[in-house]
Amino acid sequence: MSEQQLVAILPHILLSALILIQMMVIAFARNLMTTVVISVIALILTGLAFMPAHSLIPIAVTPLIVLDGYAIFYSGLILMSATAVTLMAYDYFKDRGERQDEFFMLLLLATLGALILVCSSHFASLILGLELLGVSLYTMISYPQKGLLTLEAALKYLILSGVSSTFILFGTALIYAISGSLGFAELATIGSAENGTSELFLAAGSALIFGGIMFKLSLAPFHMWTPDVYEGAPAPVTAFVATVSKGAIFAITLRLFTSSGLIETSSILTGLSIVAILSMLAGNLLALRQDNVKRILAYSSIAHLGYLMVAFITAGMIGGKALAVESSSYFLFAYFITTLGAFGVVTIVSLRDHEKDAGDISYYEGLFWHRPLLAMMFTLTLLSLAGIPLTVGFIGKFYIFTAGVTTTLWLLLLAVIAGSGIGLFYYLRIIFAMTKRTDAGASEIEIPLAGGWAVAAISAAMLLFGIYPAPIINLINNLVSSIA
Amino acid sequence: MDPIAVPIEQGLALASILFAIGLTGVMVRRNIIVILMSLEVMLNACALAFIVAGAKWGEADGQIMFMLILSVAAAEVAVGLGLLLQINRRVGSIDIDEISRLRG
């Protein structure tokens, strides 16, 4: 391995080393504050460690890992959300008994898995990243030992995530059986298989892989676990599942399907379109019947992943690859900060009750009159989820539209419009609940320091990049073009 | 000396059957231990498919993936059994229907 390659994977090496240091510190001098400070420093240092690699990209480090602008952009997003989740989790766990330190180590491990995932170019590193992320998440979901809901959510997530991993593995094995290679780029050469058997294997293999990925991305019809896990998991962990886990898996899926050329198969595109339309409709329609804010956000995330699939499908159209990468990157950026803001508020409202999280909509009644700033931030995130102008969510959805119009995907655009219309209803319901005049509930909410600042910063970013999106668009154009 | 070659189709067919058995087990059975066992069967079916495919190409890649899957399976089941112990201590049952409270 050359010196340059070592520099390229410096962030991963550094984060692994810091996790070990943190483990030792927890073992010998257990202190929640120290652990959290180490976590935040580790995340920032890892981000800074991408700087020296920036001049080398794109660079392949062994056949397993490739570091390019695309990987750096998504690594940055992941590190940013992991930092926000760390701050929220500190508020959430600091008053809930002793021995909460290991949670932050698991959070760093899951982040490491996501970082490996976004820069993998080989099925072995894909599985490694996926499982590092997954196994840490099972433990994180079940971490608070109170109540049965967290255990049930963790067990459901474990079984379904395990099954979807086996789908991905079996699909990989089938493709390996005909291609003789586990790298993504090498798959492109066998894309146009001559004889019938290998074509069948390729189709079955990619269908299995995509089935597994649909589970992980919570796309309909494999979305059933999402609301249960969102409701059962502690609010900061839900934020992590919704952003880092889904974002990293989407990033690697886009890389896998574009660099192997699998996406240009017409049967796969038809299947993807059906999945996208189903997710948009199912997500938005099922959310109408919910009274639980965490479940509403779960269904909303199913719908958002459906919108994201429109950009994904664009990648398979002629001349759509660059636009697909650009639009999905911006949409994911918008989705990341909006979701983090929403779950940040849910975390703050949940601090009062140690037995269960603030899921039910009644927790939010009267929030406008007692905690106006918090309520305004929550309103902003909900409007951003709905895609109202002047928020970052609007620009994200605008990008999806541009991608769809350029490649003339009219049916999908129709579903996006219908979904957004229905979506407004349940987002506004939460806002109306917050304006209700009542003395119960919301008056006792105290805004913590770390989480409060995190949510405030996220809200500011949501407005800033909604009004002036140019810096992020330039960043995406500079970095992300490398994959296409 | 040439080892007795198993045709790749037969090997993959066996793996597919094992995979289907595991998947059926996960979906039909209600006992959490049996579900975790079925998950293990599915993971091992994948591992077998990799061995067969690796043998076809005469490469070590398939066997390396097998090792990777072994460790993944161990990690998943370790966490799964930990959760199972907690659930059993609290509910006194390991039936997945009895612990199910999240709905909607």
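Note: the structure precedes this text.
Nothing here was measured: the structure is a model prediction, and the numbers come from that model. (Residues numbered from 1 in each chain as written. Chains lettered and ligands numbered in written order. Predicted model: local features only at pLDDT ≥ 70, side-chain atom pairs only at ≥ 80, totals over all residues. Heavy atoms only, no water.)

Draft legend 1. Seen up close, the overall build of chain B. Counting secondary structure elements, chain B contains three helices and zero strands. Ordered by position from the N terminus, the helices and strands of chain B form the series α-α-α. Relative to the 2.2 N^0.38 estimate, which gives 13 Å for 104 residues, the radius of gyration of chain B is 17 Å and therefore markedly larger than a compact globule would have. Dimensions of chain B, computed from the C-alpha atoms along their principal axes, are close to 60 × 25 × 25 Å. Counting contacts in chain B only where the partners sit at least 6 residues apart, residues at least 24 apart contribute 54% of the total. Once the 7 positive and 9 negative side-chain charges of chain B are each reduced to a mean point, those two points are 17 Å apart. (Helix = DSSP H or I, 4+ residues; strand = E, 2+ residues; numbered from the N terminus. Rg over C-alpha atoms; globule rule 2.2 N^0.38 Å. Contact = heavy atoms within 4.5 Å. Lys, Arg positive; Asp, Glu negative; His and termini not counted. Charge placed at Lys NZ, Arg CZ, Asp CG, Glu CD.)

Draft legend 2. Representation of a nonpolar patch on the surface in the model. Residue and element names in this part refer to chain A. Among the surface-exposed residues, M33, V37, I41, I44, L45, L48 and M51 lie close enough to one another that they form a single nonpolar patch of about 650 Å² accessible area. Broken down by element, the nonpolar patch gets its largest block of residues, six residues, from helix α3 (residues 32–48). On the basis of relative accessibility, which here comes to 38%, the residue V37 falls in the partly exposed class. (Patch = residues over 30% accessible without salt bridge, like charges linked within 9 Å, V, L, I, M, F, W, Y side chains within 5 Å. Areas by Shrake-Rupley, 256 points an atom, 1.4 Å probe, with all protein chains shown as cover. Salt bridge = Lys/Arg side-chain N within 4 Å of Asp/Glu carboxyl O. Buried < 20%, exposed > 50% of the residue type's maximum accessible area, 1.4 Å probe, protein only.)

Draft legend 3. Molecular detail of the packing of aromatic side chains. Residues and elements named next belong to chain A. Tallying each qualifying case throughout the model produces 26 aromatic pairs over all chains. When the ring of F394 is compared with that of F398, the centres are 6.0 Å apart and the planes differ by 40°; the resulting orientation is tilted. Here F394 and its partner F398 are both found in helix α18 (residues 392–406), four residues apart, which amounts to about one turn of the helix. F394 sits in the partly exposed class, given a relative accessible area of 28%. Taken together, the aromatic side chains of Y92, F93, F103, F104 and Y143 make up a single cluster linked through ring pairs. (Phe/Tyr/Trp six-rings, centres within 6.5 Å; stacked < 30°, edge-to-face > 60°.)

Draft legend 4. Geometry of the interface of chain B and chain A. The partner chain A presents 45 residues to the 44 residues of chain B that form the contact. A buried area of about 3,700 Å², summed over both sides, lies between chain B and chain A, and 77% of it is on carbon and sulfur atoms. Linking chain B with chain A are zero salt bridges, by the criterion used here. At the junction of chain B and chain A, the tally comes to five residue pairs in polar contact (both at pLDDT 80 or more). Elements with a minimum of two residues in the side of chain B that touches chain A: α1 (8–28), α2 (32–57) and α3 (61–91) of chain B. The element contributing the most residues to the side of chain B that touches chain A is α3 of chain B, with 15 residues. Of the residues belonging to the side of chain B that touches chain A, the class tally is 30 nonpolar, seven polar and seven charged. (Buried area = accessible area lost by both parts, 1.4 Å probe. Polar contact = N/O pair within 3.5 Å; in protein donor to acceptor, adjacent residues only side chain to side chain. Nonpolar A, V, L, I, M, F, W, Y, C, P; charged D, E, K, R; others polar.)

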